[in-house]
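# Residue-level structure breakdown
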Amino acid sequence: MEVIERKIRLSPTDPASVLGVGDQFLRLIEQKFDASIVARGDTVIVHGDPTEVAQIERVFKELNFILGKSGRLTLRDVTTVLDLIETGPTGSVGAEDLESVILFAHHDAIRAKTPTQREYYQAVKKNDIVFAIGPAGTGKTYLAVAMAVSALKNREVNKIVLARPAVEAGESLGFLPGDLAQKVDPYLRPLYDALQEMLTGEKTKTYIERGTIEVVPLAYMRGRTINNAFVILDEAQNATPMQMKMFLTRLGAGSKAIITGDQTQIDLPSRQQSGLIQIQDVLGEVQGIRFVYFNKGDVVRHKLVKDIIEAYEKFHETPGHDSPNERATEHR
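Residues numbered from 1 in each chain as written. Predicted model: local features only at pLDDT ≥ 70, side-chain atom pairs only at ≥ 80, totals over all residues. Heavy atoms only, no water.

### Some words on helix α10 (residues 241-248)
- Where burial is concerned, most of α10 is hidden: six out of the eight residues are buried.
- All buried positions along α10 are accounted for by Pro241, Gln243, Met244, Met246, Phe247 and Leu248.
- Contacts made by the buried residues of α10 are with β6 (129-133), β9 (229-233), β10 (256-261) and α11 (275-283). (Buried < 20%, exposed > 50% of the residue type's maximum accessible area, 1.4 Å probe, protein only. Helix = DSSP H or I, 4+ residues; strand = E, 2+ residues; numbered from the N terminus. Contact = heavy atoms within 4.5 Å.)

Laid out in structure tokens, this is it:
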């Protein structure tokens, strides 16, 4: 087997920042490759297979780039670069790739793909409470779960709590057969599906058994204080104003929350106001809370989904066809 040597210059201003405290970043890179990697001053000397040497060279090139741009490197930066180079194309990773990657699941990068999705991702990184509002298929829930799993993997939080209103059962589930899990499973299934795409089925099961991940109906969150957690309320258009207030006041120290919903798919009784609509007037000016609005241009499901949404919009704009909710588009 051919073995080559390559000398790679680190950032001349602060080579130790690229290697990490106690060379922790260097150790992480070494674990990914069979090649020999030795750091001497502001230079890294690599001996190994030409393909691996080229990959290692790309790793340090990207780390130098991130350090120059942000002034510091984190463990997440290093793992993201390593995963991108391991699974991605042979070309340069690029700043946009690095900034849009949310999570690596089964060697597949989950990225924010549209401008609104990227705005969403940045909003969650900078704020403790983010509302994601828009039509089905725009990635609101899927990306929220990805961000929660990423935060758990990077030890930014200790647990994930996923909640949905069980509107069809009136939040009174006692009359349904089975235990709690069986009663609410139909309402929470989309959240389980998203989790199992990002974690192995066995890992998801272990996390749930240990309480590291909780998937619960909204009504069962009453009276709790949730610390050091990533909390997601899905289908929030079906939460009443009181339920919305209850949910938001559950947050404790070190927690973040994402609230997702579609104002055009409210299943509450006609006289019951949606808490998702009301909350935009209540919290619209509060610092540390962001509202991100998706539209049909952000749909990432089957191409016909976008056409279906557009057809419904035209239908409700036709005289004589009332919108399902008069205020549903006020904040769009």
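From this point, the discussion proceeds with the structure in view.
### Quick word on the environment of lysine 205
- Along the chain, the position of lysine 205 falls in helix α9 (residues 201-210).
- Residue classification places lysine 205 among the partly exposed positions, given a relative accessible area of 47%.
- In this structure the C-alpha to C-alpha distance between lysine 205 and tyrosine 192, which are 13 residues apart in sequence, comes to 9.9 Å.

### A short note on the sheet that holds strand β1 (residues 4-9)
- Read from one edge to the other, the open sheet built from three strands follows the order β1-β3-β2, with strand pairing classed as antiparallel. The sheet terminates laterally at β1 and β2 (36-40), the two strands that pair on one side only. Between one strand axis and the next, the sheet turns by 20° as a mean value, whatever way the strands run.
- Where β1 and strand β3 (residues 43-48) come together, six bridges link them in antiparallel fashion. (Pairing = 2+ DSSP bridges. Axes fitted to C-alpha atoms, helices over the stretch in contact; angles between N-to-C directions.)

### Quick notes on a nonpolar patch on the surface
- Taken together, the side chains of Leu304, Ile308 and Tyr312 define a hydrophobic patch exposed on the protein surface, amounting to about 320 Å² of accessible area.
- For tyrosine 312, the location among the structural elements is in helix α12 (residues 303-317).
- Under the relative-accessibility criterion, tyrosine 312 is labelled exposed at 55%. (Patch = residues over 30% accessible without salt bridge, like charges linked within 9 Å, V, L, I, M, F, W, Y side chains within 5 Å. Areas by Shrake-Rupley, 256 points an atom, 1.4 Å probe, with all protein chains shown as cover. Salt bridge = Lys/Arg side-chain N within 4 Å of Asp/Glu carboxyl O.)

### Thoughts on the packing of helix α6 (residues 115-126) against helix α7 (residues 140-153)
- It is the contact of α6 with α7, at a shortest axis distance of 11 Å, that shows an interaxial angle of 35°. Like other packed secondary-structure pairs, α6 and α7 cross with a definite hand, here right-handed. Contacts from Gln117, Tyr120, Tyr121 and Val124 in α6 reach Lys140, Leu143, Ala144 and Met147 in α7. (Left-handed = near helix turned anticlockwise from the far one by under 90°.)

### Quick look at the confidence of the model for the protein chain
- Looking at the protein chain, the pLDDT average stands at 81 and 81% of residues meet or exceed 70.
- Residue range residues 169-173 is modelled with pLDDT below 50. Its contacts to residues more than four positions away, or to other chains, number 14 contacts.
- Every residue in residues 327-332 scores below 50 in pLDDT, and together they form 15 contacts with partners more than four places removed in sequence or on other chains. (pLDDT = per-residue confidence, 0-100.)

### Quick look at the pattern of salt bridges
- For the coordinates displayed, the defined rule picks out 10 salt bridges.
- A salt bridge links glutamate 119 to arginine 290; the nearest nitrogen and oxygen atoms lie 2.9 Å apart. Highlighted residues: glutamate 119 in helix α6 and arginine 290 in strand β11 (residues 289-293), separated in sequence by 171 residues.
- A relative accessible area of 35% places glutamate 119 in the partly exposed class.
- For aspartate 234, the salt bridge is made with arginine 164, and the minimal N-O distance between the two is 3.2 Å. One end of the pair, aspartate 234, is in the loop between β9 and α10; the other, arginine 164, is in strand β7 (residues 159-164), with 70 residues separating them in the sequence. Taken as a pair, aspartate 234 and arginine 164 share a single burial class, namely buried.
- Ionic contacts of the salt-bridge type, sharing partners, join the residues Asp23, Arg27 and Glu30 into one network.

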